[in-house]
Every structure is written in C-alpha cells, then in structure tokens.
Amino acid sequence: MSRGDTCITQMMKSYQKLRTPQPAACQVEEEGAAPVPAGHGKLAPWWVGSGLLVAAVLLSAITVWVLRQVSGSWPGPMLPPKCLLVPESHRFDCYPERHVVVTQELCESRGCCFIETPPPAEGKRGVPWCFYPPDFPSYTLESLNQTALGMVGLLVRRQKAYYPRDIEMLRLDVEFETDTRLHIKITDATNPRYEVPLEVPQATKRAENPIYSLDFSRDPFGVLLRRRATGTVLLNTTVAPLIFADQFLQISTSLPSRFLYGLGEHRGSLLHSLDWNTLTLWARDVSPTETFNLYGAHPFYLLMEEGGDAHGVFLLNSNAMEVALQPAPGLTWRTIGGVLDFYIFLGPNPNMVIQQYQQVIGFPAMPPLWALGFHLCRWGYGSSNETWQTVKAMRNYQIPQDAQWNDIDYMDGYRDFTLDPQKFTSLPSLVEDLHKHGQHYVMILDPGISSTNPHGSYWPFDEGLRRGLFLNTTQGQPLIGQVWPGSTAYADFSNPDTHQWWLENLQRFHAHVPFDGLWIDMNEPSNFMDGSKDGCPPGELDSPPYTPAVLGDSLSAKTVCASAKQKVSVHYNLHNLYGLMEAKATASALIQIRGKRPFVISRSTFPSQGRYSGHWLGDNRSQWKDMSYSIPGLLSFSLFGIPLVGADICGFSGSTSEELCTRWTQLGAFYPFARNHNTQNEKAQDPTVFSPAARTAMKDVLLTRYSLLPFLYTLFHRAHLHGDTVARPLFFEFPRDVATLGLDRQFLWGRSLLVTPVLEPGVDSVTGYIPRGVWYDFYRGSSVNSSGEMLKMSAPLEHLNLHIREGAILPTQKPGTTSEVTRGNPLRLIVALSSSATAWGDLFWDDGESLDTFERGSYSYLVFNVTQNIFTSTILHASTEATEVTIGTLSIFGVREPPSKVLLNGQEKPFSYLDNQVLTVSDLGLSLSQGFSLQWL
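Everything numeric in this text was worked out from a predicted model, so none of it was measured.

In this section: the pairing of strand β8 (residues 222-227). The buried count for β8 comes to six of six residues, which makes it a mostly enclosed element. Alternating residues of β8 divide into G222, L224 and R226 and V223, L225 and R227, and every residue in both groups is buried. Direction of pairing for strand β7 (residues 212-217) relative to β8: antiparallel, over a ladder of six bridges. Looking at the pairing, S213 lines up with R226 of β8.

Written as structure tokens, this is what we have:
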C-alpha cells in the first residue's frame with residue numbers, strides 16, 4: 001500500500017473515530033479532542049468539520065480509485081470509493097432483516113454500500129454485504145445547554161431514514177450522576193414515549209470529579225466517552241448513524257477491547273464472541289440452546305479494557321431487542337420501541353462496575369438461610385406419599401436437605417391454587433412433617449389461569465374476570481392461550497389490583513397447605529400456541545416494521561400477542577417485564593402471608609429481579625455439555641444482580657448417569673442456589689437412588705456445602721448491602737491477568753474460595769488455572785505457590801478440588817442435615833495466611849429468616865484479623881442470636897515454624913501442628929458474642 005493509501009485509510013478511520021495511531025504527515029484533529037473541558041456545554045470545535053473531512057476523504061479516495069481503474073487492477077463493477085475504504089470488520093449492517101436475500105438494488109435503495117463477501121460457515125452471520133457509507137445521513141447536534149446535573153441538547157435529522165415514522169427532533173439529556181456513573185438519554189423531543197416503569201435513583205447534584213470525560217461530535221451527532229486516567233475511548237457512537245424511528249431505534253459504538261460479557265439470557269461461553277454474533281433479548285420458553293433468545297432479558301454488558309480496567313453499559317429498555325457484535329470491535333443496539341436510556345458505569349474494576357449497576361437497578365434481597373441449603377424436586381413424583389418417601393430416604397441416609405418441592409403434578413388438572421384430591425391428599429401432613437424436622441416446602445405456580453371451568457367452580461378465574469385482571473385482546477376481551485390446564489387467561493401483573501388478587505389466592509391456599517416458598521414458572525409468559533386461540537390481529541404491534549432475530553421469527557411465537565393490552569401499556573412494551581412483575585407480586589404476598597423473608601425462584605427475569613427472586617437456568621438436559629454451560633450461566637446472572645442462581649443438578653430432561661450425577665452434585669453443591677430437579681417418566685436421580693459409593697460422594701460434598709453456610713450467608717449479606725457478587729468469575733479478582741479473561745470452567749465464591757469441578761466423563765484428574773499466589777487445599781491445608789499457571793490436580797470420583805486463597809479467613813461450621821441444625825453447631829475458623837503472614841475475614845450472623853435484620857440492627861457482625869502471629873476477633877455489632885453460638889476450632893494454614901506455645905487471651909492452650917504447616921487449636925468454647933485474641937509463639 002502506498003503512503004497516500006495509508007493516509008486515506010487513516011483519515012477514514014479518524015472520521016470513524018477509531019483508536020488508530022496516525023502517521024504524522026496526515027494527522028487529523030479528532031472532533032471533540034480539542035481542549036474543551038468535559039461537559040462544559042460548548043460544541044467541539046468544527047474548523048475541521050465532518051463535511052470537510054468527508055470531502056477530503058472522497059477527493060483522495062477518488063484519486064486512488066481512478067488510478068486503480070486505469071491500472072485495471074480492480075475486479076468487478078465500479079464501486080464508490082467511500083465504500084471500498086471501510087474495512088470488513090468495521091462494516092455496520094444497513095440491512096439486518098433476516099430471511100431476505102439482500103440485493104444491490106435493495107441495499108442501494110437505503111443509500112448504503114453493497115459489497116459481496118464469501119458466505120460464512122453454516123448458521124453464522126458474516127460480514128454484512130450491505131453497510132453504511134461514512135457519509136450516511138444521521139442526526140446533527142443543533143444545540144447543547146448546561147443544566148444543574150449536566151446538559152440538554154437538541155438533535156435534528158434533516159433527511160429521513162428508511163423506517164416508518166422517523167422522529168426528526170430528539171432530546172438529549174446528559175446527567176453526570178456520580179464520579180463513576182454517567183446517564184445519557186435520547187428520546188422524542190416533542191411526544192412522550194413508553195419508558196420502562198423501573199424505579200431508578202435520581203441524582204440531586206452534578207458529579208464533582210468524574211473519572212470520565214465526555215465529548216460530542218456535532219454532525220454527524222455522536223458521543224465520545226473516555227476514561228480520564230488512561231485516555232481509553234469507551235464509547236464512540238460516530239461509527240454508524242443513529243436511527244430513531246417509532247419502531248426501530250439503533251445506535252452503534254466502537255469498543256476498546258474484545259472482552260465483553262453479559263447481555264442475557266443466552267447459553268454460551270461467559271466471554272462473548274465478537275465474530276459477527278447477534279444476541280437477541282426477548283423472553284422465550286425454550287430449553288437452553290446456543291444462539292436462542294432464552295427466558296430473561298438483560299441489556300447490560302461488562303467490558304474489560306486493556307490493562308485491567310472495566311466499565312459497564314446498561315440500556316434501560318424493555319422492548320424486543322438485539323445486540324450485534326462485530327470484530328472491529330464494535331457493537332450495535334437495535335430495539336423496536338421505547339427510548340435510548342443508557343447508564344454507563346466506570347468501575348474502574350469489574351467488582352465496582354457490578355456494584356454501580358446495582359446502585360441503579362437495586363441490590364438483591366437477603367435470602368433466608370434455608371434457601372442456601374439443598375433443595376430436591378421432580379416432576380412426576382405422582383403423589384404426596386411418594387414425595388414423602390423421598391424425604392424419608394434422604395433423612396434415613398442423613399443426606400442434608402432443607403427443602404422439598406413439587407412440580408405441577410400436585411395440582412388438580414394443572415390448575416393453580418388447587419390440590420389433586422386423590423394423589424396429593426396427604427400433602428398438608430407432609431408439609432407439617434417437613435416443618436417439624438426444620439425443613440421447608442416449595443411449590444410451583446404458573447401465571448396462566450384456567451378459563452374453561454363452569455362459572456362459580458374456580459374462584460381464581462371467576463374473580464380475576466370480575467375484577468378485570470387479565471391480559472386483554474385489542475377487542476377488550478381476556479386473551480385466551482393454552483398452557484398446562486388447557487385454555488388459560490393470563491394475569492396482568494402490571495396492575496396493582498392483580499397483586500391483591502394474587503395475595504388472596506395464595507392466602508386461601510396457604511391456609512390448607514402452608515408452603516414456605518414459591519417457584520414461578522412459565523412466566524415469559526409461555527403459551528403452547530402462537531399469540532392466542534384466535535391468532536393475533538393485523539397491525540404494527542404484532543407485525544412490526546422490523547422484528548429482531550427472535551426464535552420463531554415472530555414476537556408472538558409461543559407467547560401472547562404483542563398487541564395484548566395491559567394496565568400499564570401494551571404487551572409489546574411489557575413482555576420482557578412479565579416475570580419481574582410476577583416476582584414482585586409473589587415476594588410481596590409471601591411477606592404478608594408468612595411475615596418472614598420471601599423465597600421466590602423465577603424463570604423469566606429482567607434487571608432489578610434480584611430484589612424479589614432468584615433464578616434457575618431452566619429446562620436443561622442430563623448431559624455433560626449442559627453441566628459445563630451452567631457455570632457461564634450462573635456467572636452471567638452474578639453480573640445481572642441475581643446472585644441466588646443455579647441449574648437443575650443432574651439435568652432436568654433425559655436420563656442421567658451415576659457418574660454425571662455425582663460430578664454434577666459436586667459442582668451443584670457450589671451453585672449459590674442448589675436444587676436437584678428431574679422431569680417425569682425418567683428414573684429418579686435424588687442422591688438416595690445411587691450406589692453406596694456415589695451416594696456417599698454426594699452426601700460428603702453436600703456436607704461440605706453445609707459446613708460453608710456461614711461463609712456463603714456472609715457473601716449474600718455483602719451482596720444485599722453492597723452489590724458484591726457471590727459466585728464470581730476469576731477475572732473479577734485478577735483483572736490484570738489476561739489468562740483469566742476467558743475462564744468459565746472454574747469460579748470463586750467471594751474473593752477467596754476457588755472451585756475446580758470435573759466436567760467430563762471417565763477421568764480421575766482435572767486441569768485448572770491457579771492464579772498467581774499461594775493457595776491452600778480446603779480439606780488438608782497443604783499449600784501450592786502458583787506463578788499463574790494451569791495445574792493438573794487429582795480428582796477421583798469422590799473428590800471436588802477446592803482451594804482457599806492466601807490472606808482469607810473462612811467462617812465454617814460443623815455441618816448438620818439441615819441449615820437449622822447446622823446453625824446451632826460450633827464454628828471452625830479457617831485461616832489461610834498470606835505470604836506476609838496476614839489474613840482477614842468476616843461473619844454476618846442473624847436469626848436467618850426475619851425481615852430487614854440488618855436495617856433493624858438485629859444482627860451480629862464480626863471481623864477477623866491476623867497480623868504478627870496474633871489472631872483477633874472483633875465484634876463490630878452484636879445481637880442476642882450470637883450468644884447461642886460458639887467458636888470451637890481455629891485452623892491456621894501456612895504457619896511456617898512449629899510454635900512453642902499458643903496463648904488464648906493470654907492463657908496457654910494445647911494445640912496441634914502438622915508437617916504441612918497447619919496449626920490447629922480446638923475446644924475453644926468461645927461465645928460468638930465475645931471478642932478474643934489468640935497468639936502463637
């Protein structure tokens with residue numbers, strides 16, 4: 001390539017604002033890069049304006065083009081030079097419609113460039129053939145004025161784009177909400193539009209020292225967001241035109257790296273591929289499958305920058321949406337309604353990004369302690385007696401279990417709030433028995449309410465109809481779909497009156513069967529037909545001008561019509577919020593009925609769901625692949641602020657094997673939410689049905705989980721209080737170690753417990769990454785000093801590899817068969833000394849079930865510290881519950897020299913010391929409510 005060619009390419013890239021070092025001879029001043037202090041309202045200087053720039057690019061390009069035509073080295077028809085200059089990776093799709101053969105004519109009718117490229121591998125989207133030229137008309141920033149919190153601007157489009165009802169004037173609102181959070185909202189300047197009814201914090205003053213700087217390109221309008229400390233460009237929306245039509249909103253940006261996570265709910269690796277990968281967000285009932293849009297919608301991504309900084313972007317929009325990723329690296333948001341309401345979180349580390357995200361959407365609820373025990377369920381127990389037999393078998397083998405569940409087979413004709421009068425008559429007695437043994441009962445509920453019963457025979461439908469609480473058709477009649485009971489109407493949870501009706505139904509049922517938690521399923525909402533029994537009416541809600549790449553190619557595929565009417569808006573806008581709104585109603589009802597912390601597990605989810613429920617990863621299969629995919633699944637939901645998450649242990653559909661179920665129970669014992677669940681007509685897969693060896697391995701790993709409940713419960717407290725993650729990707733703790741960025745076959749609990757499961761059959765070892773530093777074997781305390789390397793570890797069928805990070809103190813407890821029994825047992829504190837012989841840990845303790853214990857001050861909080869061979873326990877807050885628990889044992893890993901004596905509060909204590917540098921002091925008998933110090937000399 002000649003010097004001139006390089007110059008043209010560099011100028012083009014400068015126009016597109018891509019971070020490319022430019023040859024000195026053709027430096028182009030970047031719009032907005034002039035010394036305008038961030039956010040001072042002046043437009044960036046435009047003496048090198050976009051018009052001049054394009055003209056310069058085109059003139060130079062034409063010269064090159066003419067030369068090439070003359071030399072005859074350019075094959076095919078004559079292409080506009082502006083098109084030839086856009087590198088393949090930077091081609092932003094101008095014709096994203098599926099199932100259309102995009103011709104040159106179709107493409108050019110939109111004013112776009114058309115260049116054919118070789119088709120990609122089967123099922124993948126490759127380089128778009130139809131893409132935006134650099135001078136495609138966009139909006140112009142006409143004015144920009146200061147406000148108390150930031151700026152307000154007017155954007156004007158002079159030339160219509162190619163979707164109907166283009167909006168010519170847009171309002172830009174920018175708020176510098178905190179030093180690490182920026183809020184940018186683009187909406188119709190003249191008419192109100194649907195916005196997500198989510199409570200978000202309102203800033204009251206402008207951030208004083210933001211760690212970001214913001215500039216604007218005037219024509220075409222664009223946002224340039226940089227991290228002040230590094231100068232890294234985090235967002236640059238000038239790379240493609242902004243389109244804002246009534247039912248098609250699109251904005252693109254360059255990305256500073258390829259390390260992008262989030263954008264749920266999907267099945268795949270934790271780290272997304274940017275190889276022309278489109279992710280669709282539209283809640284859908286379908287078994288988790290790669291590339292499909294699944295049960296929930298989470299328009300949030302986390303991006304790791306070069307050097308280990310992180311930022312996050314949240315688009316607060318609930319409409320059908322797709323996010324197109326491309327290798328530039330670049331990203332395009334496409335949504336078909338609402339507004340463009342962006343929050344950007346500057347971290348600067350990944351843990352802080354997730355905390356900042358949850359400051360907007362809300363922190364997760366504190367679960368009851370029993371929610372963190374082991375749960376058992378299946379569809380197809382067939383009767384309450386058979387369910388009871390399973391519970392008794394678990395007790396007989398002394399395998400830990402906190403909750404027994406039932407699927408829809410407990411119902412009469414699959415109708416909500418009913419009980420099968422033949423097969424489940426003894427259910428009230430079973431629940432009473434569970435409660436006597438300190439265990440809990442959870443049942444399933446679906447939002448589809450049977451609509452075919454004789455009038456007066458089924459109160460939930462009759463009363464819902466009388467009060468007008470169902471989704472309606474455009475004609476104002478209840479929309480009738482089909483779910484398990486047959487014809488069904490759908491509760492409208494956007495209506496507060498529905499919450500009251502839901503509560504009344506639950507109260508009536510609870511009087512008969514005193515359940516403790518609720519499992520809300522089918523709430524995408526799911527429908528066994530498309531739309532309704534009468535189909536969907538013609539019109540632009542059910543057949544919009546553009547449909548994102550949803551499974552089934554229609555918004556109504558296996559759900560209700562988008563045109564269905566709800567109290568707050570049309571279903572077109574509210575579909576992705578259905579599970580969230582039902583969870584809110586359900587958690588509220590549980591609080592009113594039981595007066596304790598609610599336990600809800602929901603299939604469909606949306607941002608802020610963690611405030612009301614947990615989530616399970618849906619109808620997986622009993623396959624090794626499904627077990628592997630559960631790890632990126634649970635880590636993604638950690639990013640989404642829903643820490644109470646897990647997959648069906650041993651797999652839901654299909655037949656498990658003893659080896660798979662053993663390995664899966666070992667992994668599942670470290671899901672924050674641990675439930676074994678199975679479908680009907682498959683052989684039982686609870687731990688009691690396997691060989692003694694497998695059963696013992698499962699029991700042992702569940703006892704290990706129960707021993708760690710104080711540590712896990714404290715992690716959930718930190719999640720509730722600060723938005724910390726519970727299950728955590730390794731890169732969160734080692735963001736500068738690039739080897740961790742793609743790891744999703746291992747994970748951490750909190751900062752310090754590393755889980756390395758076996759994920760394949762027929763092996764007795766596992767290879768895992770051990771980040772730099774000293775790590776201790778959880779069971780024995782032996783140390784490994786890693787330089788940051790892959791290590792092969794022994795992993796016979798009965799063993800799960802667990803390692804404690806240096807510098808941590810883990811509160812553990814002698815395990816019992818329920819969380820209630822466990823919480824009365826003595827504590828054992830495990831100290832993992834750092835290479836400088838220090839350690840830190842904490843413990844949150846309360847009664848395990850009362851509402852708002854932290855907020856009311858009814859809790860204890862202890863901090864543990866080791867420096868200079870002295871362990872101290874300091875009580876920062878105390879409550880009566882702590883007086884009932886004792887600290888029995890202190891195990892200190894990494895004590896390099898054998899001590900001559902150990903002093904507890906100055907008094908000598910017997911101790912043991914092993915060759916692997918583990919010091920143990922037993923029979924301490926210290927009340928949790930007393931501080932103490934222990935010294936070894």
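Note that the residue after D219, namely P220, is joined by a cis bond; omega there is 5°. Counting through the fold element by element, P220 comes out in the loop between β7 and β8. Across the junction of E524 and P525, the peptide omega takes the value -5°, indicating a cis bond. For N681, which is not glycine, the phi dihedral falls at a positive 65°. Counting through the fold element by element, N681 comes out in the loop between β30 (674-676) and α14 (692-707). Phi at N905 takes a positive value of approximately 50°, unusual for a residue other than glycine.

By definition, a disulfide links the sulfur atoms of two cysteine residues through a covalent bond. Across all of its chains, the model carries five disulfides by this definition. Two residues, C107 and C130, share a disulfide whose sulfurs are 2.2 Å apart. Between C107 and C130, the disulfide has an S-S torsion of 90° and is therefore right-handed. Taken together, the positions of C107 in helix α4 (residues 104-109) and C130 in strand β2 (residues 130-131) put the pair 23 residues apart, joining distant regions of the chain. By relative accessible area, C107 is classed as buried at 0%.

Read across the sheet, six strands follow the order β31-β32-β33-β38-β35-β36 without closing on themselves; strand pairing throughout is antiparallel. Only two strands of the sheet have a single partner each, and these edge strands are β31 (727-728) and β36 (783-786). In terms of strand pairing, strand β33 (residues 753-756) meets strand β38 (residues 801-805) through four bridges, oriented antiparallel. Paired with L754 across the bridge in β38 is H803.

Turning next to the confidence of the model for the protein. Taken over all residues, the pLDDT of the protein has a mean of 92, while the share at 70 or more is 92%. Segment residues 1-76 is flagged for pLDDT under 50; beyond a separation of four residues in sequence, or across chains, it makes 115 contacts in the model.

This part is about the packing of helix α9 (residues 496-510) against helix α11 (residues 578-594). Contact pair α9 / α11: the axes reach a minimum separation of 9 Å and the direction vectors enclose 45°. In terms of their interaxial angle, α9 and α11 are classed as oblique. Crossing of α9 over α11 shows right-handed handedness. In contact with H499, W502, L503, L506, Q507 and H510 of α9, α11 contributes M581, E582, K584, A585, T586, A589, Q592, I593 and R594. A breakdown of the residues in the contact of α9 with α11 according to their chemical character gives seven nonpolar, five polar and three charged.

Take helix α13 (residues 658-668) next. Within α13, nine of the eleven residues are buried, which leaves the element mostly enclosed by the surrounding structure. Inspection of α13 places L660, C661, T662, R663, W664, T665, Q666, L667 and G668 among the buried residues, and these make up the whole buried set. Buried positions along α13 lie against α12 (624-639), β29 (648-649), β30, α14 and β32 (747-749).

The next thing to look at is the pattern of salt bridges. Applying the stated criterion to the full structure yields 42 salt bridges. R181 is the salt-bridge partner of E177, the closest N and O atoms lying 2.7 Å from each other. The buried category is assigned to R181, whose relative accessible area is 6%.

Here we come to the side chain of K909. For K909, the location among the structural elements is in strand β46 (residues 907-909). One buried charged residue, K909, forms no salt bridge at all, with the nearest opposite charge on D923 at 6.6 Å. At 3.2 Å, the side chain of K909 forms a polar contact with the backbone oxygen of D923. The residues touching K909, leaving out its near neighbours within four places in the chain, are V902, L904, V921, S922, D923 and L924.

Among the nonpolar cores identified, the biggest contains 231 residues, and W333, F670, F871 and L934 are the most heavily contacted of them. The biggest single contributor to this core is α11, with eight residues. Excluding its chain neighbours within four sequence positions, the residues that come into contact with F871 are I809, L829, V831, F864, N865, V866, L890, F932, S933, L934 and W936. Listed in part, the 26 residues of the second largest apolar core include Y95, V102, A161 and A320.

Taken together, three strands build an open sheet; the order of strands is β22-β24-β23 and the sheet is antiparallel. The open sheet is flanked by β22 (448-450) and β23 (481-483), the only strands paired with a single partner. Here the average twist between neighbouring strands, direction ignored, is 60°. Sheet topology places β22 next to strand β24 (residues 486-490); three bridges connect them, and they run antiparallel. Considered in β24, the bridge of S450 is made with T488.

So, on to the packing of helix α6 (residues 384-396) against helix α7 (residues 427-436). Interaxial distance between α6 and α7 falls to 9 Å at its minimum, and their mutual angle equals 20°. By the criterion of interaxial angle, the relationship of α6 to α7 is roughly parallel. α6 and α7 meet at a crossing whose hand is left-handed. Along its contact with α6, which presents S384, T387, W388, V391 and R395, the element α7 presents L427, S429, L430, D433 and L434. A breakdown of the residues in the contact of α6 with α7 according to their chemical character gives five nonpolar, three polar and two charged.

Mapped onto the elements, L141 comes out in strand β3 (residues 139-146). Sequence separation between L141 and P350 is 209 residues; the distance between their C-alpha atoms is 33 Å.

Following the sequence through the fold, E322 ends up in strand β16 (residues 321-326). Using a relative accessible area of 1% as the deciding quantity, one classes E322 as buried. Polar side-chain contacts of E322 include one of 2.3 Å to the side chain of Y546. At 2.8 Å, the side chain of E322 forms a polar contact with the backbone nitrogen of A549. Not counting residues within four places of it along the chain, the set of residues in contact with E322 comprises P96, T278, L279, T280, T332, W333, R334, Y546, P548 and A549.

With that settled, consider the environment of V156. Inspection of the secondary structure puts V156 in strand β4 (residues 150-157). For the pair V156 and L141, spaced 15 residues apart in the sequence, the C-alpha separation amounts to 6.6 Å. Discounting residues that sit within four places of it in the chain, V156 has contacts with S138, Y139, T140, E142, E168 and M169.

With 16 residues, α14 should cover 22 Å at 1.5 Å per step; its first-to-last C-alpha distance of 22 Å lies within 8% of that length. Inspection of α14 places A694, R695, A697, M698, V701, L702, T704, R705, Y706 and S707 among the buried residues, and these make up the whole buried set.

What follows concerns the packing of aromatic side chains. Going through the model one piece at a time under the given rule, you end up with 46 aromatic pairs. Ring geometry for F114 versus W129: centroids 6.1 Å apart, planes at 85°, classification edge-to-face. Of this pair, F114 sits in strand β1 (residues 113-114) while W129 sits in the loop between β1 and β2; the two residues are 15 residues apart in sequence, bridging distant segments of the chain. Residue classification places F114 among the buried positions, given a relative accessible area of 9%. Since its relative accessible area comes to 30%, W129 is described here as partly exposed. Taking the centre distance of 5.6 Å and the plane angle of 80° together, the rings of W519 and W616 count as edge-to-face.

The rules behind each value
- Residues numbered from 1 in each chain as written.
- Predicted model: local features only at pLDDT ≥ 70, side-chain atom pairs only at ≥ 80, totals over all residues.
- Heavy atoms only, no water.
- Buried < 20%, exposed > 50% of the residue type's maximum accessible area, 1.4 Å probe, protein only.
- Helix = DSSP H or I, 4+ residues; strand = E, 2+ residues; numbered from the N terminus.
- Pairing = 2+ DSSP bridges.
- Disulfide = S-S within 2.5 Å.
- pLDDT = per-residue confidence, 0-100.
- Contact = heavy atoms within 4.5 Å.
- Axes fitted to C-alpha atoms, helices over the stretch in contact; angles between N-to-C directions.
- Parallel < 35°, antiparallel > 145°, perpendicular 65-115°, else oblique.
- Left-handed = near helix turned anticlockwise from the far one by under 90°.
- Nonpolar A, V, L, I, M, F, W, Y, C, P; charged D, E, K, R; others polar.
- Salt bridge = Lys/Arg side-chain N within 4 Å of Asp/Glu carboxyl O.
- Lys, Arg positive; Asp, Glu negative; His and termini not counted.
- Polar contact = N/O pair within 3.5 Å; in protein donor to acceptor, adjacent residues only side chain to side chain.
- Core = buried A, V, L, I, M, F, W, Y, C linked by side-chain atoms within 4.5 Å.
- Expected span 1.5 Å × (residues − 1).
- Phe/Tyr/Trp six-rings, centres within 6.5 Å; stacked < 30°, edge-to-face > 60°.

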